[in-house]
Amino acid sequence: MTKSRRIADIVLDEQSVARRSPEVEHERAVALFDLIEENDFHLVGGEPGPYRLRIGIFEQRLVFDVRDAKDRKLRDIVLSLTPFRKVVKDYFLICGSYYAAIKKLGPSQIEALDMGRRGLHNEGSDLLRERLEGKIEVDHDTARRLFTLICALHIKS
C-alpha cells in the first residue's frame, strides 16, 4: 500500500481500556503490531495519509480521532457502540470458551471453537467496515485488526 493509504501510528485511549485477561492483552498487542506493519486505511474525502489514529470511547460512542503525520486533527469519526455490543459480547464468550478449551480439550473441540471465534471476528470486522462506509475505507485485514482493538476498548463500556 502507498504511504497515503496507511496508518503510521495508532494509540488506544487508555482511559477507555479496561482490565484484560493475558490472552486478550496478547491479541491486542499483536493487532497493534500487525496493524502498523500492514494496513490499508483512507479517510474518504479527506487528506491523504499517512495517518495517526487514536481510538477511544467517549459518552458511549466509539471515536476514531484521525490525524495527519504532524499530529494535526483531520477529523473525528464517531460511531454508536450499540450495533457492536452483541457481536463483541458473543466474541468474548466464545474466546473464553476457546482459551479454556486449549487447557483441557482435544484438538477437534479446540478447532471447532476457533472456527466459531474466527467467524464472529469476521462478523465484527464486516460490521465495522459497514459502519465506516463513506467515512473511512479499510481492507478486510485492517478491519479485523481494528475490531480486535475495539474489543479491548469495548469491555469497559
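Residues numbered from 1 in each chain as written. Predicted model: local features only at pLDDT ≥ 70, side-chain atom pairs only at ≥ 80, totals over all residues. Heavy atoms only, no water.

Considering the overall build of the chain
Of regular secondary structure, the chain possesses 4 helices and 6 strands. What you see in the chain, going N to C, is helices and strands ordered as β-α-β-β-β-β-α-α-β-α. Its C-alpha atoms give the chain a radius of gyration of 16 Å, within 12% of the compact-globule value 15 Å for 157 residues. With the C-alpha coordinates aligned to their principal axes, the bounding extent of the chain is approximately 50 × 35 × 25 Å. A burial count over the chain gives 43% of its 157 residues as buried. Relative to all contacts within the chain whose residues are 6 or more apart in sequence, the contacts with residues 24 or more apart total 65%. Summing over all exposed atoms, the chain offers an accessible surface of approximately 8500 Å²; the carbon and sulfur share of this is 52%. (Helix = DSSP H or I, 4+ residues; strand = E, 2+ residues; numbered from the N terminus. Rg over C-alpha atoms; globule rule 2.2 N^0.38 Å. Buried < 20%, exposed > 50% of the residue type's maximum accessible area, 1.4 Å probe, protein only. Contact = heavy atoms within 4.5 Å. Areas by Shrake-Rupley, 256 points an atom, 1.4 Å probe, with all protein chains shown as cover.)

Remarks on the sheet that holds strand S5 (residues 73-80)
Taken together, 4 strands build an open sheet; the order of strands is S1-S3-S4-S5 and the sheet is mixed. Because the sheet does not close on itself, it has two edges, and the strands there are strand S1 (7-12) and S5. Direction aside, neighbouring strands of the sheet carry axes that sit 20 degrees apart on average. The pairing of S1 with strand S3 (residues 51-58) spans 5 bridges and is parallel. The partner of Leu12 across the bridge, within S3, is Ile55. (Pairing = 2+ DSSP bridges. Axes fitted to C-alpha atoms, helices over the stretch in contact; angles between N-to-C directions.)

Looking at the environment of Arg85
Note that Arg85 resides in helix H2 (residues 82-104). Look at Arg85 and you get partly exposed, because its relative accessible area is 31%.

A word on H2
Relative to the 33 Å expected for 23 residues at 1.5 Å per residue, H2 spans 35 Å between its end C-alpha atoms, a close match to the ideal helical length. By the burial criterion, the buried members of H2 are Phe84, Val87, Val88, Tyr91, Ile94, Cys95, Tyr98, Tyr99 and Ala101. (Expected span 1.5 Å × (residues − 1).)

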